[in-house]
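These are the residues of each chain, in order.
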Amino acid sequence: MQNRTTGQDLSSALRALANRLTLKARDAAAEGKRKAEGDPQAEYLRGLAEGYYKAALDLAAVIKEQGKSPLAQSLADSPAAENEPDYDLTMHLSEVMRMLEYIGINPRDLTPYKDGTFHAVFSKWQNMTDTERVEKIRAMDGRLVLLAHGRTNETNDPFVNFAFRRT
């Protein structure tokens, strides 16, 4: 069991690193777009974004190949794997908040739970329909699992409950 935990910890750390690289690529690309055309720093930022993006893709390919290894498959098929939560427990609040902000959605409150789920509450005064918000969140990450959405009973503010699948 110790080897399994270590393997999962490494895999989770690698996924978190790939996510951070992707976010850095997006931040650098956005910063480069804000610079004036022809500005040497804009070209530098575009190159930096491309480098981060390629590194994230390479890392994602390594993670995917690791999941196909016979050892990883046998560990995933073990009875102990059936009792573990299906959600990624390594997603940090700050990382999820950055992902939401990047897609233009700013929750008023974002609460992480121990089972790997998140509860986001939004202001009802935001200039976005509930359907638009849910679709943006759904498209935010391929691992995202939409658990529930609607309006809170107390304040009638929109909320979305979601988690990230373990890969």
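This write-up is about the structure you can find in this document. (Residues numbered from 1 in each chain as written. Predicted model: local features only at pLDDT ≥ 70, side-chain atom pairs only at ≥ 80, totals over all residues. Heavy atoms only, no water.)

### A closer look at the sheet that holds strand 1 (residues 109–112)
- Spatially, the 4 strands line up as an open sheet ordered 1-2-4-3, and their pairing is antiparallel. With one partner strand each, in any of the chains shown, strand 1 and strand 3 (144–151) form the two edges of the open sheet. Sheet twist, expressed as the average angle between the axes of neighbouring strands with direction ignored, equals 15 degrees.
- The pairing of strand 3 with strand 4 (residues 158–164) spans 7 bridges and is antiparallel. Across the sheet, the residue bridging to His149 is Val160, located in strand 4.
- Across the sheet, helix 5 (residues 93–102) touches strand 1, strand 2 (117–121) and strand 4, and the angle it forms with strand 1 is around 140 degrees. (Pairing = 2+ DSSP bridges. Helix = DSSP H or I, 4+ residues; strand = E, 2+ residues; numbered from the N terminus. Axes fitted to C-alpha atoms, helices over the stretch in contact; angles between N-to-C directions. Contact = heavy atoms within 4.5 Å.)

### Digging into the pairing of strand 4
- For strand 4, a buried count of 7 out of 7 residues is recorded, marking the element as mostly surrounded by other parts of the structure.
- Of the two faces of strand 4, the one lined by Pro158, Val160, Phe162 and Phe164 and the one lined by Phe159, Asn161 and Ala163 are each fully buried.
- Bridging between strand 2 and strand 4 involves 5 bridges; their strand directions are antiparallel. Pairing of Thr117 across the sheet is with Ala163, part of strand 4.
- Counting the residues that bridge the hairpin from strand 3 to strand 4 gives 6 residues, and of these Asn156 lies at a positive phi of roughly 60 degrees. (Buried < 20%, exposed > 50% of the residue type's maximum accessible area, 1.4 Å probe, protein only.)

### With respect to the packing of aromatic side chains
- Using the criterion set out here, one finds 3 aromatic pairs in the structure.
- Taking the centre distance of 5.7 Å and the plane angle of 20 degrees together, the rings of Phe118 and Phe162 count as stacked. One end of the pair, Phe118, is in strand 2; the other, Phe162, is in strand 4, with 44 residues separating them in the sequence. A single burial state applies to Phe118 and to Phe162, both of which are buried.
- Measuring from centroid to centroid gives 6.3 Å for Phe118 and Phe164, while their planes differ by 80 degrees, and the two rings are edge-to-face. (Phe/Tyr/Trp six-rings, centres within 6.5 Å; stacked < 30°, edge-to-face > 60°.)

### Digging into the environment of Asn161
- Position of Asn161 among the secondary structure elements: in strand 4.
- Each C-alpha atom of the pair Asn161 and Val134 lies 9.9 Å from the other, and the pair is 27 residues apart in sequence.
- Filtering out sequence-adjacent residues up to four positions away, Asn161 remains in contact with Phe118, His119, Val145, Leu146, Leu147 and Ala148.
- Side-chain polar atoms of Asn161 contact the side chain of His119, separated by 2.4 Å. (Polar contact = N/O pair within 3.5 Å; in protein donor to acceptor, adjacent residues only side chain to side chain.)

### Some points on helix 6 (residues 130–140)
- Of the positions making up helix 6, those classed as buried are Arg133, Val134, Ile137 and Met140. Angular distribution of buried residues about the axis of helix 6 spans 115 degrees; they occupy a single face of the element. More than 90 degrees from the buried face of helix 6, the exposed residues found are Thr131 and Ala139.
- Residues of helix 6 that are buried in the fold lie against helix 5, strand 3 and strand 4. (Arc of directions from axis to C-beta.)

Everything listed here is a matter of geometry and, on its own, says nothing about what the molecule does.
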